[in-house]
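# Residue-level structural notes
Residue-level listing of the chains:
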Amino acid sequence: GDSVTQMEGPVTLSEEAFLTINCTYTATGYPSLFWYVQYPGEGLQLLLKATKADDKGSNKGFEATYRKETTSFHLEKGSVQVSDSAVYFCALKPTGNQFYFGTGTSLTVIP
Amino acid sequence: DTGVSQNPRHKITKRGQNVTFRCDPISEHNRLYWYRQTLGQGPEFLTYFQNEAQLEKSRLLSDRFSAERPKGSFSTLEIQRTEQGDSAMYLCASSLSGQGEAFFGQGTRLTVV
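These notes cover the structure that comes with them. Everything numeric in this text was worked out from a predicted model, so none of it was measured.

Criteria and cut-off values
- Residues numbered from 1 in each chain as written.
- Chains lettered and ligands numbered in written order.
- Predicted model: local features only at pLDDT ≥ 70, side-chain atom pairs only at ≥ 80, totals over all residues.
- Heavy atoms only, no water.
- Helix = DSSP H or I, 4+ residues; strand = E, 2+ residues; numbered from the N terminus.
- Buried < 20%, exposed > 50% of the residue type's maximum accessible area, 1.4 Å probe, protein only.
- Contact = heavy atoms within 4.5 Å.
- Pairing = 2+ DSSP bridges.
- Axes fitted to C-alpha atoms, helices over the stretch in contact; angles between N-to-C directions.

### Some thoughts on the environment of A:Leu46
For A:Leu46, the position within the fold is in strand E6 (residues 44–50). Judged by its relative accessible area of 26%, A:Leu46 is partly exposed. Apart from the residues within four sequence positions on either side, A:Leu46 is in contact with A:Phe34, A:Trp35, A:Tyr36, A:Asn59 and B:Glu101.

See below:
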C-alpha cells in the first residue's frame, strides 16, 4: 500500500549547518509529495510541495526535489537557524483522497 | 480568512464520557479531513468529507467514533464512551478539490483520565 518512510530523529545541528532529512515513499500512480512542519503545541503547516516528477518545491530556504527514479523527496536547507527547530513530516497524497504521513523528524538547532 | 479553526483546544474527560470536537474549515474549501496524532507519531487518517458527504473512513475508526459535516461547512467529531487509548491530538484539515495540499487547524488535545 501507499506509505512514507522518514529518517528517524532526533536531529541536532548547530546554527548555519546544512540540513538533510531523508524521505522515501511507496505509491502507485503519480502522487503529490509534501513537507509539513509542526512547532510545539501547534498544528501542521505546509512547508513545500511537488506534484510531479523532477519538480522542486521550495520555501523559506528549504528545498526538496521529487525523484521518481529513487522514490524520494529529501528535505534540505543550506543554513539552519534556531527558529527552524520543529518536527518535520513528509507526506504523500496519491490519486486517492487521503494523505499519508511519515512518523516525523524532530530537529533542534543550537546557537 | 483565519484558516482552519478547531474547538476546543484542550479537553480533559473521564473514561466513559462522550466528547465532541468542532472544526471550521477555510470557507471555500469543500474537502475536510480528520486525523489523529499521538506523541512521537505522524498523523493517522480517520475520515474525509467532500462537501457534506463522508466519502472515506479508516479502519482505525471504531464504531464509537462518528463524524458529521452538515451542509458541507463545519464538521464535528464525536467519541462515545471514551477510553484512555483515545487520548491524542485530533487534527482537522481542509483543502480545495484538486489542489492537493491540506491546511491544518491547531488541533484538539484530548486527555482521557
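### Notes on the sheet that holds strand E3 (residues 19–24) of chain B
All names here are of chain B. Judged by pairing direction, the sheet is antiparallel, and its four strands sit side by side in the order E1-E3-E8-E7 without closing on themselves. Since the sheet does not close on itself, it has two edges, and those belong to strand E1 (5–7) and strand E7 (65–68), each with one partner. The mean angle between the axes of side-by-side strands here comes to 15 degrees, regardless of whether they run parallel or antiparallel. By the bridge criterion, four bridges tie E7 to strand E8 (residues 75–79) in an arrangement that is antiparallel. Bridge assignment links Ser-66 to a residue of E8, and that residue is Glu-78.

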